[in-house]
Amino acid sequence: MTGATIVTLEHRALEFATRAHASIDQRRKYTGEPYIVHPIAVAEIVKTVPHTSEMLAAAYLHDVAEDTPFGLDVIHKEFGPAVGDLVYWLTDVSKPWMGNRKHRKELDAQHTAKAPPAAKTIKLADLIDNTISIKARDPDFWRVYRHEKLRLLEVLRDGDPTLWARAAQLVEKENADS
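What counts, and where the lines are drawn
Residue indices follow the written sequence of each chain, beginning from 1 at its first position. Restriction of local features to residues with pLDDT of at least 70 applies here, the model being predicted, together with a cutoff of 80 or more for giving and counting side-chain atom pairs; totals for whole chains, interfaces and linings are based on all residues. Values reported for side chains reflect all heavy atoms of the structure, with hydrogen atoms and water molecules removed beforehand. Stacked, tilted and edge-to-face pairs are distinguished by plane angle, under 30 degrees for stacked and over 60 for edge-to-face with tilted covering the rest, among Phe, Tyr and Trp rings (Trp via its six-membered ring) whose centres lie within 6.5 Å. Where helices and strands are cited, they refer to DSSP runs of H or I of at least four residues and of E of at least two residues respectively, numbered from the N terminus. Put simply, buried Ala, Val, Leu, Ile, Met, Phe, Trp, Tyr and Cys residues joined by side-chain atoms within 4.5 Å make one nonpolar core. Buried, partly exposed and exposed residues are distinguished by accessible area as a fraction of the type maximum, computed with a 1.4 Å probe on protein chains only: under 20%, between the cut-offs, and over 50%, respectively. For this analysis, residues touch if any pair of their heavy atoms sits within 4.5 Å. Only the stretch in contact is used when fitting a helix axis, every axis being a line fitted to C-alpha atoms; angles between N-to-C directions are given from 0 to 180 degrees. An angle below 35 degrees is read as roughly parallel, one above 145 as roughly antiparallel, one from 65 to 115 as roughly perpendicular, and any other as oblique. Less than a right angle of anticlockwise turn of the near helix away from the far helix marks a crossing as left-handed, whereas a clockwise turn marks it as right-handed. Each residue receives one of three labels: charged for Asp, Glu, Lys and Arg, nonpolar for Ala, Val, Leu, Ile, Met, Phe, Trp, Tyr, Cys and Pro, and polar for the others, Gly being one of them. Salt bridge, as used here, is a side-chain nitrogen of Lys or Arg placed within 4 Å of a carboxyl oxygen of Asp or Glu. Only four residue types enter the charge count: Lys and Arg as positive, Asp and Glu as negative, with His and the chain ends excluded. Here a polar contact is taken to be a pair of N or O atoms separated by no more than 3.5 Å, where protein atoms must pair a possible hydrogen donor with a possible acceptor and residues adjacent in sequence count only if both atoms sit in side chains.

Enquirer: A description of the packing of aromatic side chains should follow, citing residues and the corresponding values.
Expert: Under the counting rule described, the total for this entry stands at five aromatic pairs. Arranged with centres 5.4 Å apart and planes meeting at 70 degrees, the rings of Phe 16 and Phe 70 form a pair that is edge-to-face. Of the two residues, Phe 16 is situated in helix H1 (residues 9–23) and Phe 70 in the loop between helix H4 (64–67) and helix H5 (72–90); the sequence distance between them amounts to 54 residues. Ring plane angle 70 degrees and centroid distance 4.9 Å describe the contact between Tyr 88 and Trp 89, whose orientation is recorded as edge-to-face. Among the aromatic residues, ring-to-ring pairing joins Phe 16, Phe 70 and Phe 79 into one connected group.

Enquirer: Describe in detail the nonpolar core, supporting the description with residues and values.
Expert: Within the largest apolar cluster, 44 residues are counted, with the highest numbers of intra-cluster contacts made by Leu 61, Ile 75, Phe 79, Val 83, Ile 122 and Leu 153. Broken down by secondary-structure element, the contributors of at least two residues to this core are H1, helix H2 (37–46), helix H3 (53–61), H4, H5, helix H7 (117–137), helix H8 (139–155) and helix H9 (161–172). Of the residues forming this core, the biggest block, seven residues, is contributed by H3. When neighbours within four sequence positions are excluded, Leu 61 is seen to be in contact with Ala 13, Phe 16, Ala 17, Ile 75, Phe 79, Val 83 and Val 87.

Enquirer: I'd like to hear about the environment of Ala 118, residue by residue, with values.
Expert: Take Ala 118: it is sitting in helix H7. Using a relative accessible area of 24% as the deciding quantity, one classes Ala 118 as partly exposed. Separated by 106 residues in the primary sequence, Ala 118 and Arg 12 place their C-alpha atoms 20 Å from one another. Among all residues touching Ala 118, those that are not within four sequence positions of it are Met 55 and Leu 86.

Enquirer: Can you explain unusual backbone geometry? Please cite residues and give values.
Expert: Trans peptide bonds make up the majority, and among non-glycine residues the majority have a negative phi. Located in the positive-phi region is Asp 25, a residue other than glycine, with phi close to 50 degrees. Summarising the element assignment, Asp 25 is placed in the loop between H1 and H2.

Enquirer: Describe in detail the packing of H3 against H7, supporting the description with residues and values.
Expert: Put simply, H3 and H7 touch, their axes get as near as 10 Å, and they point 45 degrees apart. Compared by their axis directions, H3 and H7 come out oblique. In the crossing of H3 with H7, the sense of the turn from one axis to the other is right-handed. In this structure, H3 uses Met 55, Ala 58 and Ala 59 to contact H7, whose residues at the interface are Ala 118, Thr 121 and Ile 122. In the contact of H3 with H7, the residues fall into five nonpolar, one polar and no charged.

Enquirer: Describe the pattern of salt bridges, with residues and values.
Expert: Going through the model one piece at a time under the given rule, you end up with 10 salt bridges. For the salt bridge of Lys 105 with Asp 92, the shortest nitrogen-to-oxygen distance reads 3.9 Å. Here the residue Lys 105 occupies a position in helix H6 (residues 101–113), and Asp 92 occupies one in the loop between H5 and H6, the gap between them amounting to 13 residues. Among the residues examined, Lys 105 registers a relative accessible area of 25% and is labelled partly exposed. What emerges from the salt-bridge pattern is a single network uniting Asp 92, Lys 105 and Lys 123.

Enquirer: Before we move on, can you summarise the side chain of Asp 160 with the specific residues and values?
Expert: Inspection of the secondary structure assignment puts Asp 160 in the loop between H8 and H9. Arg 166 provides the closest opposite charge to the buried, unpaired Asp 160, separated from it by 9.0 Å. Within the local environment of Asp 160, its side chain forms a polar contact with the backbone nitrogen of Thr 162, the two atoms lying 2.9 Å apart.

Enquirer: Talk me through the environment of Leu 170; I want residue IDs and the actual numbers.
Expert: Positionally, Leu 170 belongs in helix H9. For Leu 170 and Glu 33, which are 137 residues apart along the polypeptide, the C-alpha to C-alpha distance reads 23 Å. Apart from residues no more than four positions distant in its own chain, Leu 170 is found in contact with Ile 128, Thr 131, Ile 132, Lys 135 and Trp 142.

Structure below.
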């Protein structure tokens, strides 16, 4: 076994997510960076609180089914039910044809409300990273986004309390300069 490389679940998920987002040349909206920087940031935030390897894998994969050609079925097959189920809870259920943005975000919040605490913890990390980016770079959209995230915070209380407090502090500050 000398020289053998052990590839962790998290490493496999990071590699998969990197390839999936790169396959469509997905980029961060405000910076143009490769999209994978966001899932990496989400995983790094999750690492700051009690977590499992499945949670880290799901953090890396959280936008794959929503944004790339690789659906939940592929994630379940490649990473098993524990990771696949977490990614399911992290994937928006609304589609553009399902009404206006406010209605779609409410459908997504109702979905998230039923999620297990581990998924809510990852969702909090996602919310934190996105909030930091949007507050700093798009004050006009921040006003809309902030109200959506205040609603989302209501259903994320079962997530990690440290991340919930951090997210609430970021979102409750109305000013983008705060």
